[in-house]
Amino acid sequence: MKKTLIIQAHAKINVGLWVKERRSDGYHEIASLMQMISLSDTVTIHEMKEEGIRIECNRPEVPLGPENLAHKSAKLLMERFQIAPSHVIHIEKNIPVSAGLGGGSTDAAAVMVGLARMYDRPVTVPQLMDIALSVGSDVPFVLHGGLALASGRGENLVFHEPPKPPFSVVVAVPNGVQVSTKWAYENYHPGDNARKGELFNQVLLAYRNREVANLRTLLFNDLESVTMHRHPEVGELKERLSASGEGVVLMSGSGPAVFGLFPDRRSAAKAASNLDSEKCRIYLEHTIKEPGK
Ligand code: ATP
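Residues numbered from 1 in each chain as written. Predicted model: local features only at pLDDT ≥ 70, side-chain atom pairs only at ≥ 80, totals over all residues. Heavy atoms only, no water.

Peer 1: How should I be thinking about the domain arrangement of the chain in this particular structure?
Peer 2: Where interface size is given, it is often the accessible area lost as the parts come together that is meant. Partitioning the chain into domains gives domain 1 (4-159) and domain 2 (168-286). Using C-alpha coordinates to define each centre, domain 1 is positioned 23 Å away from domain 2. With 29 residues of domain 1 at the interface, the matching set in domain 2 holds 36 residues. Roughly 2600 Å² of surface becomes buried between domain 1 and domain 2 when both sides are summed, with 66% attributable to carbon and sulfur atoms. In this structure, the connection of domain 1 to domain 2 is made through 0 salt bridges. The tally of links between domain 1 and domain 2 comes to 14 residue pairs in polar contact (both at pLDDT 80 or more). No other element matches strand β1 (residues 4-22), which puts 10 residues into the side of domain 1 that touches domain 2. Across the side of domain 1 that touches domain 2, the residue classes break down as 16 nonpolar, 9 polar and 4 charged. (Domains from an automatic or database assignment. Contact = heavy atoms within 4.5 Å. Buried area = accessible area lost by both parts, 1.4 Å probe. Salt bridge = Lys/Arg side-chain N within 4 Å of Asp/Glu carboxyl O. Polar contact = N/O pair within 3.5 Å; in protein donor to acceptor, adjacent residues only side chain to side chain. Helix = DSSP H or I, 4+ residues; strand = E, 2+ residues; numbered from the N terminus. Nonpolar A, V, L, I, M, F, W, Y, C, P; charged D, E, K, R; others polar.)

What follows is the structure, encoded as structure tokens:
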């Protein structure tokens, strides 16, 4: 009988992002506190008769060919399993595309988890992590989920317990703005903004202890200035979401998604009510410990 599997593929936010120098391989060194959130795509994998990988998606802006990260990860993993792929991968996309929320990466990770379950082949965690990194810098993190301090180009991950109770998270994405991650990194010049790595230990502590006021002074995202310069809407969103004074608000990754961390759902909903729903998409979410939870 042909098999079918359904997996939730969760978005990530960069709670903080420090971009360091550009390496000789073209990637930038980074340090980032990464957190998985409840916002998710639903990825369904069906076995089909014909050989090959067919991607389907409800959003027209998502590529359906080999450039889709879910296609890439399926191909690489099935090669590792030495089984010819014959799958339809349906992506029900809820995570805004090119927004800094890791949507493509998390679909790729979900496909890896799904195929590993479907075929039950021996594959070690380092082998999975290698494939994940070759698909994209954020894939190793979303494969595991939860909370991690990431360094290198994102592959050195130290996992930590996420805050308890979880933060309520408002995600707001300005309509009509998409940012290419490559463009943002190319336009960032670390000289202006060198910072100390030790700051991240303070960030981690304040985050895990849910110290919102401390986080407001400690957190930064080095790519904010690049994206906000080109898209002032992002700065406006940040201001509106910060207006209630009860949370801490930043851009995620290369943007344009903005998120606010709030102590509870009431304060999150209050802050979200200051946003203009005609100008942006608004999501009321929370931080999660692992995919599916
Ligand atoms: P990150 O935060 O990891 O840099 P992002 O959230 O900014 O990523 P994505 O939504 O992952 O961006 O999309 C980036 C590009 O990847 C898009 O231009 C899209 O064409 C391409 N892409 C490939 N596969 C997917 C996928 N499964 N879902 C969404 N976009 C995809």
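Peer 1: Would you mind going over the site of the ligand with me for this structure?
Peer 2: Neighbouring the ligand are 20 residues, the closest being G100, G102, G104, D138 and T181. In the model, an oxygen atom of the ligand is placed 3.2 Å from a nitrogen or oxygen of the K12 side chain. The contact in question runs from a nitrogen atom of the ligand to an N or O atom on the backbone of L69, over 3.0 Å. In isolation the ligand offers 610 Å² of accessible surface; the protein chains occlude 81% of this area. In terms of residue count, the dominant contributor to the shell around the ligand is helix α2 (residues 103-119) (4 residues). Here the residues of the shell around the ligand are counted per class, giving 7 nonpolar, 8 polar and 5 charged. (Near = heavy atom within 4 Å. Areas by Shrake-Rupley, 256 points an atom, 1.4 Å probe, with all protein chains shown as cover.)

Peer 1: How should α2 be read in this particular structure?
Peer 2: The α-helix advances 3.6 residues per turn, and as a result positions three or four apart in sequence lie on the same side. Here α2 is 17 residues long and its end C-alpha atoms lie 25 Å apart, about the 24 Å a rise of 1.5 Å per residue gives. Counting buried positions along α2 gives 14 out of 17 residues, so the element sits mostly inside the fold. Positive backbone phi, at 50°, marks D120, one or two positions downstream of α2. (Expected span 1.5 Å × (residues − 1). Buried < 20%, exposed > 50% of the residue type's maximum accessible area, 1.4 Å probe, protein only.)

Peer 1: Help me out: how do you make sense of the nonpolar core in this one?
Peer 2: The tendency in soluble globular proteins is for nonpolar side chains to be buried as a group. Counting residues in each nonpolar core, the largest one holds 40 residues, and the members touching the most others are I89 and L115. Core analysis: the second largest hydrophobic core is formed by 33 residues, I13, V15, A99 and F167 among them. (Core = buried A, V, L, I, M, F, W, Y, C linked by side-chain atoms within 4.5 Å.)

Peer 1: Any chance you could explain the side chain of H231 here in plain terms?
Peer 2: Positionally, H231 belongs in the loop between α8 (224-230) and α9 (232-242). Its relative accessible area of 14% is what places H231 among the buried residues. Leave out the neighbours within four places in its chain, and H231 touches V177, Q178 and V179.

Peer 1: What is the right way to read the pattern of salt bridges from this model?
Peer 2: Pairing between side chains of opposite charge can happen when their charged atoms approach one another. Within this structure, the stated rule accounts for 13 salt bridges. A salt bridge links R54 to E56, with the shortest nitrogen-to-oxygen separation between them at 3.5 Å. The closest approach of N and O atoms between K238 and E224, which form a salt bridge, is 2.9 Å. Placement of the pair is K238 in helix α9 and E224 in helix α8, with a sequence separation of 14 residues. The exposure class assigned to E224 is buried, which follows from its relative accessible area of 11%.

Peer 1: When you look at unusual backbone geometry in this model, what are you seeing that I'm missing?
Peer 2: Backbone geometry follows two general trends: most residues other than glycine have a negative phi, and most peptide bonds adopt the trans configuration. Following K164, the chain continues to P165 via a peptide bond in cis, the omega torsion being -10°. Note on placement: P165 falls in the loop between β6 (156-160) and β7 (168-174). With an omega dihedral of 5°, the bond running from G255 to P256 counts as a cis peptide bond. Positioned with a positive phi, Q82 is a non-glycine residue whose angle comes to about 55°.

Peer 1: Please clarify how the environment of K182 should be interpreted in this entry.
Peer 2: Mapped onto the elements of the fold, K182 is located in helix α5 (residues 181-186). The class for K182 is exposed, based on a relative accessible area of 61%. As for K182 and Y27, which are separated by 155 residues in sequence, their C-alpha atoms are 9.5 Å apart.

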